Every structure is written in C-alpha cells, then in structure tokens.
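Fold and geometry: a report
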Amino acid sequence: MKPIQAIAIVCSAHLLLCAHTVNAQPDKLPALGVKLNDVTVSGLSSGAFMASQLYIVNSQIMSGAGIIAGGPYLCALSWDFQSHVQNATGSCMNPLTHSSGPNTPHLSSLTRQLAEKGDIDSITNLVDDKIYLFNGKADHTVTTTVMDQTYQYFLDLGINKDAIEYVTDVDAGHAIVTTSFGNKECAVTEKPFINDCDIYQAKDILNHLYSGLSEPAADVAQAIVEFDQTEFIKSGNTSMSDSAFVYIPEGCREGGCRLHIVYHGCLQGYTEIGDQYYMGTGYNQIADANDIVMLYPQVEPSSKDPFNPQGCWDFWGYSQPNKSEPDFYSKHAPQLSAVRAMIDRLAEPVN
Amino acid sequence: MNALTQMPDLSMDKDLKAALERANQVMKTSMEEMNLLKNAFNPMQTFVQINEQFMQFFSKTDWMGFFSQKNDPANIQSCMTDFLDVQSTSFKKLTESQQKLLIDSVKDISDSMTAFKAGASPQQNLAAVINKNLDGFEQIQKDVNAQASLMGSIQTAYVAWLQSTLEKTLPKK
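For the structure given in this document, a descriptive report is provided here. (Residues numbered from 1 in each chain as written. Chains lettered and ligands numbered in written order. Predicted model: local features only at pLDDT ≥ 70, side-chain atom pairs only at ≥ 80, totals over all residues. Heavy atoms only, no water.)

Some remarks on the overall build of chain B
Along chain B, the regular secondary structure elements total five helices and zero strands. The order of α-helices and β-strands along chain B, N terminus first, is α-α-α-α-α. Its C-alpha atoms give chain B a radius of gyration of 28 Å, more than 25% over the compact-globule value 16 Å for 173 residues. Here chain B, with 173 residues, has 27% of them falling under the buried criterion. By sequence separation, contacts in chain B at least 24 residues apart represent 89% of the contacts at least 6 residues apart. Split by element, the accessible area of chain B, about 12,200 Å² in all, is 65% carbon and sulfur. The averaged location of the 19 negative side-chain charges in chain B is 4 Å from the averaged location of its 17 positive side-chain charges. (Helix = DSSP H or I, 4+ residues; strand = E, 2+ residues; numbered from the N terminus. Rg over C-alpha atoms; globule rule 2.2 N^0.38 Å. Buried < 20%, exposed > 50% of the residue type's maximum accessible area, 1.4 Å probe, protein only. Contact = heavy atoms within 4.5 Å. Areas by Shrake-Rupley, 256 points an atom, 1.4 Å probe, with all protein chains shown as cover. Lys, Arg positive; Asp, Glu negative; His and termini not counted. Charge placed at Lys NZ, Arg CZ, Asp CG, Glu CD.)

Observations regarding the interface of chain A and chain B
On the chain B side, the residues contacting the 26 residues of chain A number 33 residues. Together chain A and chain B conceal approximately 2,500 Å² of surface at their shared face, both sides included; 59% is due to carbon and sulfur atoms. Taken as a group, Asp80(A), Phe81(A) and Leu96(A) account for 34% of the area that chain A buries against chain B, more than any other trio of residues on that side. Summed over the shared surface of chain A and chain B, the number is zero salt bridges. Here chain A and chain B share three residue pairs in polar contact (both at pLDDT 80 or more) between them. (Buried area = accessible area lost by both parts, 1.4 Å probe. Salt bridge = Lys/Arg side-chain N within 4 Å of Asp/Glu carboxyl O. Polar contact = N/O pair within 3.5 Å; in protein donor to acceptor, adjacent residues only side chain to side chain.)

Quick word on the pattern of salt bridges
Enumeration over the complete set of coordinates arrives at 15 salt bridges over all chains. The residue Glu231(A) makes a salt bridge to Arg345(A) at a minimum N-O spacing of 2.8 Å. Here Glu231(A), found in the loop between strand 7 (224–228) and strand 8 (243–247), pairs with Arg345(A), found in helix 10 (residues 334–347); they are 114 residues apart in sequence, far enough to count as distant. With a relative accessible area of 25%, Glu231(A) lands in the partly exposed category. The shortest N-O distance in the salt bridge between Asp15(B) and Lys14(B) comes to 3.7 Å. Salt bridges linked by common partners bring Arg22(B), Asp135(B) and Glu138(B) together as one network.

Points about the state of the cysteines
Residues and elements named next belong to chain A. The final tally for this structure, using the stated rule, is four disulfides over all chains. Across the disulfide, Cys75 is cross-linked to Cys92 (sulfur-sulfur distance 2.2 Å). Residues Cys75 and Cys92 share a disulfide whose torsion about the S-S bond is about -110°; that sign makes it left-handed. A residue pair is termed long-range when its members are at least 10 positions apart, and Cys75 in the loop between strand 2 (62–68) and helix 3 (84–90) and Cys92 in the loop between helix 3 and helix 4 (104–117) qualify at 17 residues. (Disulfide = S-S within 2.5 Å.)

Notes on the sheet that holds strand 10 (residues 292–296) of chain A
Residue and element names in this part refer to chain A. Taking strand neighbours across the sheet as the criterion, the eight strands line up as 4-3-2-1-9-10-8-7 in an open arrangement whose pairing is mixed. Of all the strands in the sheet, just strand 4 (164–167) and strand 7 have a single pairing partner and so form its edges. Each neighbouring strand pair of the sheet contributes to a mean axis angle of 15°, computed without reference to strand direction. (Pairing = 2+ DSSP bridges. Axes fitted to C-alpha atoms, helices over the stretch in contact; angles between N-to-C directions.)

Observations concerning the nonpolar core
Where a protein is soluble and globular, its nonpolar side chains tend to be buried together. Residue and element names in this part refer to chain A. Residues Tyr55, Phe154 and Ile261 are the most contacted members of the largest nonpolar core, which totals 72 residues. With eight residues, helix 2 (residues 46–57) is the largest single contributor of residues to this core. Not counting residues within four places of it along the chain, the set of residues in contact with Tyr55 comprises Val41, Met62, Ser63, Gly64, Ala65, Leu126, Asp129, Ile131, Phe154 and Ile159. In this structure, Val142, Val146, Tyr278 and Ile292 belong to the second largest nonpolar core, which totals 41 residues. (Core = buried A, V, L, I, M, F, W, Y, C linked by side-chain atoms within 4.5 Å.)

Section: the side chain of Thr111(A)
Tracing the backbone through its elements, the reader meets Thr111(A) in helix 4. Apart from residues no more than four positions distant in its own chain, Thr111(A) is found in contact with Ile56(A), Tyr73(A), Leu74(A), Ile120(A), Ile123(A), Tyr153(A) and Leu157(A).

Focus on the pairing of strand 2 of chain A
All names here are of chain A. For strand 2, a buried count of seven out of seven residues is recorded, marking the element as mostly surrounded by other parts of the structure. Sheet topology places strand 1 (residues 39–44) next to strand 2; six bridges connect them, and they run parallel. By the bridge assignment for strand 2, Val39 is matched with Met62. Crossover strand 1 to strand 2 through helix 2 is right-handed. Bridge analysis of strand 2 against strand 3 (residues 130–134) gives five bridges, and the strand direction is parallel. Across the sheet, residue Gly66 finds its bridge partner in strand 3, namely Tyr132. (Right-handed = clockwise from strand over helix to strand, strands pointing away.)

Remarks on unusual backbone geometry
Residues and elements named next belong to chain A. Omega for the bond connecting Lys191 with Pro192 falls within 30 degrees of zero, at 5°, which places this linkage in the cis form. Among the secondary structure elements, Pro192 is positioned in the loop between strand 5 (176–178) and strand 6 (194–196). Of note, the amide linkage connecting Asp305 to Pro306 takes the cis form, showing an omega dihedral of 0°. Positionally, Pro306 belongs in the loop between strand 10 and helix 10. Backbone geometry at Leu74 places phi at a positive 70°, although glycine is not the residue there. Relative to the helices and strands, Leu74 is located in the loop between strand 2 and helix 3. Residue Leu74 is classed as buried on the basis of its relative accessible area, which comes to 1%.

Some remarks on the environment of Val106(B)
Residue and element names in this part refer to chain B. Topologically, Val106 is positioned in helix 4 (residues 73–113). Its relative accessible area of 51% is what places Val106 among the exposed residues. Distance from Val106 to Gln45, taken between C-alpha atoms, is 41 Å for residues 61 residues apart in sequence.

Considering helix 10 of chain A
Residues lying three or four places apart along an α-helix face the same way, a consequence of the helix completing one turn every 3.6 residues. All names here are of chain A. For helix 10, built from 14 residues, the straight-helix expectation of 20 Å at 1.5 Å per residue is met to within 8% by its first-to-last C-alpha distance of 20 Å. Buried within helix 10 we find Pro334, Gln335, Leu336, Ala338, Val339, Met342, Ile343, Arg345 and Leu346. If you follow the buried residues of helix 10, they end up packed against helix 2, strand 7, strand 8, strand 9 (258–263) and strand 10. (Expected span 1.5 Å × (residues − 1).)

Here it is in structure tokens:
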C-alpha cells in the first residue's frame with residue numbers, strides 16, 4: 001500500500017483528527033489564475049539542482065530561487081572529459097579539491113550559449129532577482145566547496161551580491177531545517193532529511209524571495225490537493241510519480257495569487273516519506289497567511305528504465321537514457337517541461 | 001516420565017531466529033545493491049558522451065599556434081600547484097579511509113571473539129556471533145562504499161586537473 005493510500009484510510013476513519021484529506025482518485029490540477037510574473041522556486045539537494053534548472057530555464061516568469069545544498073545549473077556538464085553522471089557524483093556533491101568542483105566559468109559560458117540559442121530564457125531576466133542559498137556545516141553530501149560555486153555562478157550571471165542571502169553557519173546535516181519537525185538532531189543526514197534545528201527555513205526562504213510577508217498561520221487549513229501528475233508527463237523515463245500535490249489557500253480560489261514551487265530531494269517523495277515534506281516543512285503556513293499557491297511536484301525511485309534508485313530529480317540526464325547527450329536542462333527536458341506545463345495550468349484563468 | 005517422551009527441545013531460540021532473519025535480509029539487500037550497481041553502468045553512453053565532448057574540446061584548439069607558442073610560467077606554476085593539491089589530498093583521504101577500514105576490521109574480529117556469554121544457551125551464543133558478524137559486515141560494507149566513492153572523486157579530480165591544464169596551456173582558435 002502506498003503511504004498516501006494509508007493516509008487516506010486513516011483520515012477517513014478519524015476525519016476530525018486529520019489536518020488534511022487526500023483523495024483516493026487524484027483530481028486534475030485546477031486553473032487558479034496565478035500571477036506569472038512573480039513565480040519562485042526552492043528545493044533541497046537534487047531538488048535544489050532542479051530548482052536551479054527550473055529557475056534559469058524559465059527566468060522570464062521567475063523572480064527568485066531558494067537553493068538548499070545544491071550545485072549550479074548545468075553542473076553535470078562541468079568537465080568535458082567525464083560523463084554527466086561522473087561529474088554529478090564527483091564534482092557536484094563532494095569534490096576532492098576546490099579545483100575539481102563545479103567548473104563555474106565554463107557553466108556560465110554554456111548558460112549564455114543556451115540563452116542565445118533560445119533553449120532557455122534570456123539571462124537578462126535574472127538581474128533584479130533574489131537568491132537564497134543554504135549549506136549546513138555538517139553536510140558532507142553536498143559540501144561548501146560546491147555551494148561556493150553556486151554562489152559564484154549567480155554572481156557571474158549578473159545577480160546583485162546584495163540580493164543573495166548565503167547561509168553557512170548552521171550546524172545542520174544534509175536536510176531542510178525546521179523549528180520543531182523531523183529528526184531531533186540538527187547535524188544528522190538521515191531520512192526524512194528534515195531536521196529540527198530551531199530554524200524556520202521555509203519562512204527564511206520566502207521572506208527573502210518575497211519581502212514583507214505576514215507571519216505564518218498557526219495551523220494550516222484543509223487545502224492540500226492531490227492531483228494527477230501523469231497528464232503533464234510526455235515521455236516514459238521521467239521517474240515522476242502518478243500524483244503530486246498543490247496547496248491552495250482559501251484566498252487563492254478566485255485567482256491573482258503568487259506561486260512557489262517546492263522540490264523535495266532524493267528519497268523524499270511521497271512514496272518514500274508520505275506527507276512529511278509537503279505538510280511538515282512549514283511552507284503551507286506561510287502560503288495561508290500570504291496567499292501563495294504551493295506546488296509540490298513528485299518523483300519516485302526507479303531501479304531500471306530510468307535508473308534512479310533513490311528517487312532524485314534529474315540533473316545529469318537519466319530521463320533520456322538512450323541519448324548520448326541527454327537533455328535534462330532546457331525547456332524541452334522531460335521533467336522541466338512537465339513542471340512548466342503544471343505552472344501554465346495554474347496560471348490559466350479560474351473557470 | 002516416559003523415556004519415549006523425553007525428546008530434546010527442537011524449537012529454535014527466538015534470538016537465533018531473529019539473527020537468521022537479519023542475515024537473510026542483509027544478504028538480500030546486498031544482492032539488490034549489487035544489481036543496482038550493475039544497472040548504474042552504461043558504458044556505451046559514457047563512451048559516446050566523453051568521446052563527443054573530447055572531440056569538441058580539441059576542435060577548439062589552435063594546433064598551429066600550439067607549436068609556436070610559449071607557455072606563461074605563471075600558468076605552469078598554477079597547474080603544478082593544483083596537481084600537488086590533488087595528490088596530497090588524495091593521499092591523505094585514502095590513508096584515512098584505509099585506516100578506518102583496518103580499525104573496523106580488527107574491531108569486527110575482536111567483537112566476534114567476545115560474543116560468547118557464559119551461561120547462555122548454544123543457540124543464544126550462535127545468535128550473538130551471527131549478529132556481531134553482521135554488524136561487522138555492514139560496517140565494512142559502508143567503509144568499502146565510502147572508499148569507492150572517494151576513488152570516484154579522486155578520478156574526477158585528476159580528470160578535471162588534466163582538462164583545466166590543457167585549457168590553460170593550449171591556444172584556442
């Protein structure tokens with residue numbers, strides 16, 4: 001039984017105790033008339049790499065990104081004499097030395113070339129954006145060597161230094177950090193990769209990306225909607241789950257709200273940790289108080305075709321296993337185009 | 001009591017049952033990991049990917065200029081410094097990793113030897129030995145995985161050094 005089905009059964013048995021309900025038959029993602037000029041994104045680990053990808057590729061509609069333990073866009077193309085997967089694991093996570101980390105000058109140059117070819121939006125859109133970066137001191141999965149290059153990459157693309165908040169002083173493991181939810185030890189790196197570090201990271205991210213936010217709501221309303229993700233998936237090797245989730249504050253049913261996309265990391269999809277990421281990380285409380293729609297795309301493990309045993313987002317090309325030059329980074333990439341289609345649906349006028 | 005009914009107790013101790021179940025699970029997980037590792041390799045894709053990028057890289061080189069150029073000593077110096085950095089860091093991390101593997105292996109042996117407890121039944125002692133060995137096996141497997149990951153990082157570091165050295169020293173078209 002999938003965790004989500006278990007939650008649904010428990011919820012129907014104890015309706016009053018549940019903070020939210022999950023449908024047995026996922027709905028279609030609704031049109032909500034969200035604003036397409038102020039979209040933001042954040043993510044952890046492979047979700048952070050994916051957040052960078054979505055942000056750079058769709059910079060025309062984006063105004064900022066939150067990167068928790070992730071390398072720069074195109075990181076898996078860092079070194080030509082290595083395969084993408086070798087770069088992803090050898091350079092983009094825990095490189096041996098500073099000089100064998102992400103090849104940032106090369107990546108900035110490749111980004112400009114892709115923008116000139118029209119494979120991604122123009123990088124001139126990035127100039128007035130805001131970026132939040134976080135790397136835990138006890139994170140040995142994606143190290144500060146890599147995060148420093150992510151910081152440098154955004155500077156190279158013209159983002160103002162003052163617009164980047166770069167946090168490196170928290171003794172956290174490889175995880176998104178919260179005030180009270182998740183692993184009790186802040187410095188550990190273990191499932192569900194959500195650590196109680198007495199820090200409200202979702203709030204810090206959104207406060208930086210959207211200034212002047214109201215304080216988070218004390219409780220979340222019953223506003224999480226499970227939707228059918230398959231209608232947006234156009235190829236067979238995406239590793240994306242059948243369902244994903246969207247949090248719709250009451251004030252967003254009539255349209256005009258902002259949109260934030262939240263990417264989980266490896267081993268953090270709903271098939272792995274249930275609702276802990278999309279309900280436990282604190283994004284929804286901020287959504288409620290500030291009328292921001294939260295979109296939670298989902299990916300799950302796949303041991304073959306594609307090879308993605310840990311359910312990570314694609315930042316090295318597994319979603320096109322039969323191509324020597326797999327496209328995981330442009331507007332046409334399987335996962336990126338699927339999530340863009342979700343954004344476009346949410347932006348359609350309310351019926 | 002009838003002598004015919006005095007049969008030895010053939011039921012399995014619950015600790016031994018649990019230890020055998022754990023051994024079964026550990027072996028199953030280990031096999032699954034080996035299968036995953038096998039699936040992870042796609043030598044043809046890797047070869048084509050590297051080959052294409054390699055050709056692209058060298059097509060940007062001005063080979064005529066290569067034979068007539070003089071290399072900047074500062075470039076050579078910086079390449080040598082990076083090389084020494086990769087070498088010394090590799091050596092340090094490999095030594096640490098080998099030491100950890102050695103310490104864990106020795107600990108594994110000594111733990112196994114102290115697993116027997118006086119007064120415990122033979123089945124309970126067997127369960128304790130199995131559990132200690134499995135603890136050791138899992139720890140050593142972790143160490144070996146960490147070492148494999150380190151070897152990957154070292155390989156990447158040398159390859160990255162080679163590429164950046166060529167970038168600094170080969171003239172571009």
